[in-house]
Amino acid sequence: MLELLVVLVILALIAGLAAPRVMNLLGGAKTKTARINLEQLSTILDIYRLDMGRYPDADAGLKALLERPDGAPAWNGPYLRKADQLLDPWGRPFSYRHPGEHGAYDLYSLGADKTEGGSGEDADIKSWE
């Protein structure tokens with residue numbers, strides 16, 4: 001019985017030391033996924049622009065990639081398969097601004113903390129950086 005208790009204590013210590021490391025890796029994976037998703041959305045926005053002659057305006061936003069905007073006869077979508085492709089890994093919609101302050105458009109996620117700035121998993125992921 002004592003040996004079993006010692007083994008359980010050792011396992012608990014190992015888990016206590018390994019858990020923070022695993023959580024850091026998970027957070028880094030979400031940030032990398034957000035960057036990849038943002039790059040894919042940027043490419044899809046370029047395809048939209050080729051079809052329509054312009055990027056979606058601020059009123060239509062990224063939903064123009066899923067649903068035909070009013071007065072868009074050249075729309076050749078949907079450009080995305082599912083609406084959840086417009087969400088960042090933390091489950092919030094990517095932010096889109098057109099015209100952008102840093103280019104033709106600004107596409108970004110505020111990271112895990114939902115606020116501007118931050119570092120690590122809380123860092124903003126932006127199309128212009």
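Here's what I pulled together on the structure shown here. (Residues numbered from 1 in each chain as written. Predicted model: local features only at pLDDT ≥ 70, side-chain atom pairs only at ≥ 80, totals over all residues. Heavy atoms only, no water.)

1. Remarks on the pattern of salt bridges
Counted according to the given criterion, the structure contains 2 salt bridges. Notably, a salt bridge pairs Asp-106 with Arg-97, separated by 3.0 Å at the nearest N-O pair. Since its relative accessible area comes to 0%, Asp-106 is described here as buried. Residue Arg-97 is classed as partly exposed on the basis of its relative accessible area, which comes to 27%. (Salt bridge = Lys/Arg side-chain N within 4 Å of Asp/Glu carboxyl O. Buried < 20%, exposed > 50% of the residue type's maximum accessible area, 1.4 Å probe, protein only.)

2. Considering the nonpolar core
Membership of the largest hydrophobic core comes to 22 residues, with the highest contact counts inside it found for Leu-41, Leu-45, Tyr-48, Leu-62, Leu-65, Tyr-96 and Leu-107. Examining the composition of this core, we find that 7 residues originate from one element, helix 1 (residues 2-52), more than from any other. Beyond its immediate chain neighbours, meaning those up to four positions away, Leu-41 contacts Leu-65, Leu-80, Gln-85, Leu-86, Phe-94 and Leu-107. (Core = buried A, V, L, I, M, F, W, Y, C linked by side-chain atoms within 4.5 Å. Helix = DSSP H or I, 4+ residues; strand = E, 2+ residues; numbered from the N terminus. Contact = heavy atoms within 4.5 Å.)

3. Things to note about the packing of aromatic side chains
In total, this model carries 5 aromatic pairs according to the counting rule given. Between Tyr-55 and Tyr-105, the ring centres sit 4.8 Å apart and the planes meet at 65 degrees, which makes this aromatic pair edge-to-face. Taken as a pair, Tyr-55 in the loop between helix 1 and strand 1 (95-97) and Tyr-105 in the loop between strand 1 and strand 2 (106-109) lie far apart in primary sequence, 50 residues in all. The residues Tyr-55 and Tyr-105 share a single accessibility class, namely buried. With a centroid separation of 6.1 Å and 35 degrees between ring planes, the pair formed by Tyr-96 and Tyr-105 is classed as tilted. For Tyr-96, a relative accessible area of 15% corresponds to the buried category. By relative accessible area, Tyr-105 is classed as buried at 11%. One aromatic cluster in this structure is built from Tyr-48, Trp-75 and Tyr-79. (Phe/Tyr/Trp six-rings, centres within 6.5 Å; stacked < 30°, edge-to-face > 60°.)

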